[in-house]
Amino acid sequence: MDRRFTMYTETILKAAGIVSLASFVLTILYGFWYRFRAGRCNSEASMKGKVVLITGASSGIGKETARDLLRRGARVIMACRNLSKAARVAEELRKNTGRQLIEMLHLDTSSMVSVRNFAKNFVEKEKRLDVLILNAGIGGPDDMIYTDENLEITMATNYFGHFLLTNLLLGLLKESTPSRIVVVSSVLHHQSPQTFNPLNLNFQWSKYNSLHAHGQSKLCCILFTRQLAEYLEGTGVTVNTLCPGFTYTHLFSRSGGFFMGGVYRFLATFIAKSATSGAQTPIYLSVSERVAKKSGRYFEDCAVSKTSPLGADYGLAKKVWEASEALVKLMPEERHV
Ligand SMILES: *[C@@H]1O[C@H](CO)[C@@H](O)[C@H](O)[C@H]1NC(C)=O
């Protein structure tokens, strides 16, 4: 009995060892393949004379997008929460590209007061806006946090702030046609139709968890893109959204939770793309002639891709838009669609 038990245990341990080793090797091989087939933006388009605004441009994908557009001759405005960090990055990008046209302005997308102040100053000072890139984002904190304005912080940072900012800048974008809006979403936008509820965007009626909050904010970014594209049809302003792919950035290093903080970071070490590679689709959507007329679409690896069924539900998009207007308290004079 005892011997048989030991034999079983040994066999099980051996099998477990082989399985873990095999999964580890497969993960590494998958990582090579994933990085190898990642899409590249091959456009040589110049961005001379164009004004580009990027939220969250001081690290990760935002920073690499800023670097590329600066190199192409655009005037790049980084909208960032931490100006001293942004100043350092701007200096690095100036040295690296040999181009001087990069500036930074303070913006905290989690605060609607900050978004309104930012937009007011921007519209007063700037004569045009050719590309608006909505990139700022957080992974979602471990425990639910409401901002002073009573908005859940992940939704506020990743989505509500961008929803409001876009509405406030639409006038300027329409005066600068052809102009583009690029919304950074994620493949993590998949949500269960049973739990996603446009009347519960702010977690009024259900329990919070960081993965759910992050995914929901990214689904809202996609639905916002679909609805805005309908509103903007024929205006010369396009709006598209994207998943940058599995990219290692600081986004998740500051996030809590078992999935966001732990598993994601561990996997990222082996298979994630670099930030430069992750920036290829936002760059493509900002510059390429091939997407000049495309609007309301979702892209991955510089190609049109499919979202979850919820992400393509136009009825839902309308409901989310209306709920968002109410949550950010959009005033009639702030509406430009
Ligand atoms: C802003 O960035 C600087 C430089 O990276 C850092 O030392 C500082 O702690 C940051 N401030 C805040 C409030 O995060």
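The coordinates are above.
Residues numbered from 1 in each chain as written. Predicted model: local features only at pLDDT ≥ 70, side-chain atom pairs only at ≥ 80, totals over all residues. Heavy atoms only, no water.

Student: Which parts of the structure should I look at to understand the sheet that holds strand β2 (residues 75–80)?
Tutor: Think of a sheet as strands paired side by side through backbone hydrogen bonds, with each pair either parallel or antiparallel. Read across the open sheet, the eight strands follow the order β3-β2-β1-β4-β5-β6-β7-β8; overall the sheet is mixed. The sheet is open, and its two edges are formed by β3 (102–106) and β8 (303–304), each paired on a single side. By the bridge criterion, two bridges tie strand β7 (residues 298–300) to β8 in an arrangement that is antiparallel. The residue of β8 that forms the bridge with E300 is A303. Packed onto the sheet, helix α5 (residues 153–175) meets β1 (51–55), β4 (131–134), β5 (179–184) and β6 (237–243) and runs at close to 175 degrees relative to β4. (Pairing = 2+ DSSP bridges. Helix = DSSP H or I, 4+ residues; strand = E, 2+ residues; numbered from the N terminus. Contact = heavy atoms within 4.5 Å. Axes fitted to C-alpha atoms, helices over the stretch in contact; angles between N-to-C directions.)

Student: What should I look at first to understand the side chain of T154 in this one?
Tutor: On the secondary structure map, T154 appears in helix α5. For T154, the contacting residues outside a window of four places in its chain are I138, G139, G140, P141, Y159, Y208, A213, H214 and S217.

Student: Help me out: how do you make sense of the site of the ligand in this one?
Tutor: Taken together, N82, S84, K85 and R88 make up all the residues around the ligand. One of the side-chain nitrogen or oxygen atoms of N82 is found 2.3 Å away from an oxygen atom of the ligand. Here the ligand has 360 Å² of accessible area as a free molecule, and 34% of this is covered by the chains. Residues that form the shell around the ligand fall into these classes: no nonpolar, two polar and two charged. (Near = heavy atom within 4 Å. Polar contact = N/O pair within 3.5 Å; in protein donor to acceptor, adjacent residues only side chain to side chain. Areas by Shrake-Rupley, 256 points an atom, 1.4 Å probe, with all protein chains shown as cover. Nonpolar A, V, L, I, M, F, W, Y, C, P; charged D, E, K, R; others polar.)

Student: Help me understand the layout of surface pockets, please; the structure alone is not making it clear to me.
Tutor: Remark: the empty space left among the atoms is shown by a probe the size of a water molecule rolled over them. Taken as a whole, the second largest pocket holds about 530 Å³ of empty space. Every residue lining the second largest pocket is counted, 31 residues in all, and those nearest its centre are S179, R180, T238, A292 and K293. Where the lining of the second largest pocket is concerned, the elements lending two or more residues are β5, α6 (210–231), β6 and α9 (280–287). (1 Å grid on protein atoms, 1.4 Å probe; cavity = no way out; pocket = protein on both sides within 12 Å on 5 of 7 lines; lining within 4 Å. Points joined across faces, edges and corners; volume = space filled by probe spheres on them.)

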